[in-house]
Amino acid sequence: NIPEDQADKLLLASWGLPKAVLEKYNSLGVVQMFEWQAECLMLGQVLEGKNLVYSAPTSAGKTLVAELLILKRVLETRKKALLILPFVSVAKEKKCYLQ
C-alpha cells in the first residue's frame, strides 16, 4: 500500500509528465492510478530503467504502467522505445492514442 505521505503519487500529474500528455490522459478520463499501479512505478529503480515484471487480470490497467514508464524514459533520455502488443487491433489503437 502507498503511505499517506505519498498519496499524491496516485495522481498522474505528480509523475513529471508534460502538460500535453496529462491533457490527453485527462480527456480520456484518466487522472489518477490505482494503488497497485503507483506501487509498480515506485518499486526499486524501475523509473531508472530496471526491469519490472507484473501481472494483473485483463482490463486491470497494466498498459497504463507500461505507457508511463515508456513515456518517462523516452522524454528523459530522448531515445526511442519499442512497444510490443499482442494484437493488431490493440497496436492500431495505441498507435493513434500515442501519436
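Residues numbered from 1 in each chain as written. Predicted model: local features only at pLDDT ≥ 70, side-chain atom pairs only at ≥ 80, totals over all residues. Heavy atoms only, no water.

Check the secondary structure of the protein chain and you find four helices and zero strands. Order of helices (α) and strands (β) in the protein chain, N terminus to C terminus: α-α-α-α. Compactness check: the protein chain gives a C-alpha radius of gyration of 13 Å against a globular reference of 13 Å for 99 residues, within 12% of the reference. Projected onto its principal axes, the C-alpha positions of the protein chain cover 40 × 30 × 30 Å. Split into buried and exposed, the 99 residues of the protein chain put 24% on the buried side. Within the protein chain, residue pairs in contact and separated by at least 24 positions form 55% of the contacts whose partners lie at least 6 positions apart. A total of about 7200 Å² of accessible surface is found on the protein chain, and carbon and sulfur atoms cover 56% of it. Counting 13 positive and 10 negative side-chain charges, the protein chain places the averaged centre of each group 14 Å from the other. (Helix = DSSP H or I, 4+ residues; strand = E, 2+ residues; numbered from the N terminus. Rg over C-alpha atoms; globule rule 2.2 N^0.38 Å. Buried < 20%, exposed > 50% of the residue type's maximum accessible area, 1.4 Å probe, protein only. Contact = heavy atoms within 4.5 Å. Areas by Shrake-Rupley, 256 points an atom, 1.4 Å probe, with all protein chains shown as cover. Lys, Arg positive; Asp, Glu negative; His and termini not counted. Charge placed at Lys NZ, Arg CZ, Asp CG, Glu CD.)

Turning our eyes to something else, we now look at the UniProt feature "domain: DEAD/DEAH-box helicase" (unreviewed entry) in the protein chain. UniProt records the feature "domain: DEAD/DEAH-box helicase" (unreviewed entry) at residues 44-93, using the numbering of this structure. Spanning residues 44-93, this segment combines 44% helix with 0% strand, and its end C-alpha atoms are found 31 Å apart. (UniProt positions renumbered as here; feature names shortened; annotations may be inferred.)

On to the packing of helix α2 (residues 35-42) against helix α3 (residues 62-77), then. The contact between α2 and α3 brings their axes to 10 Å, and the two run at 35°. Here α2 runs over α3; the crossing is right-handed. On the side of α2, the interface is formed by W36, Q37, C40 and L41, while α3 contributes K62, L64, V65, L68 and L69. Grouping the amino acids of the contact of α2 with α3 by side-chain chemistry returns seven nonpolar, one polar and one charged. (Axes fitted to C-alpha atoms, helices over the stretch in contact; angles between N-to-C directions. Left-handed = near helix turned anticlockwise from the far one by under 90°. Nonpolar A, V, L, I, M, F, W, Y, C, P; charged D, E, K, R; others polar.)

What follows is about the nonpolar core. Among the nonpolar cores identified, the biggest contains 19 residues, and L12, L17, Y25, M33, A38, L41 and L68 are the most heavily contacted of them. Contributions of two or more residues to this core are made by α1 (19-27), α2 and α3. It is α3 that contributes the most residues to this core, five residues altogether. (Core = buried A, V, L, I, M, F, W, Y, C linked by side-chain atoms within 4.5 Å.)

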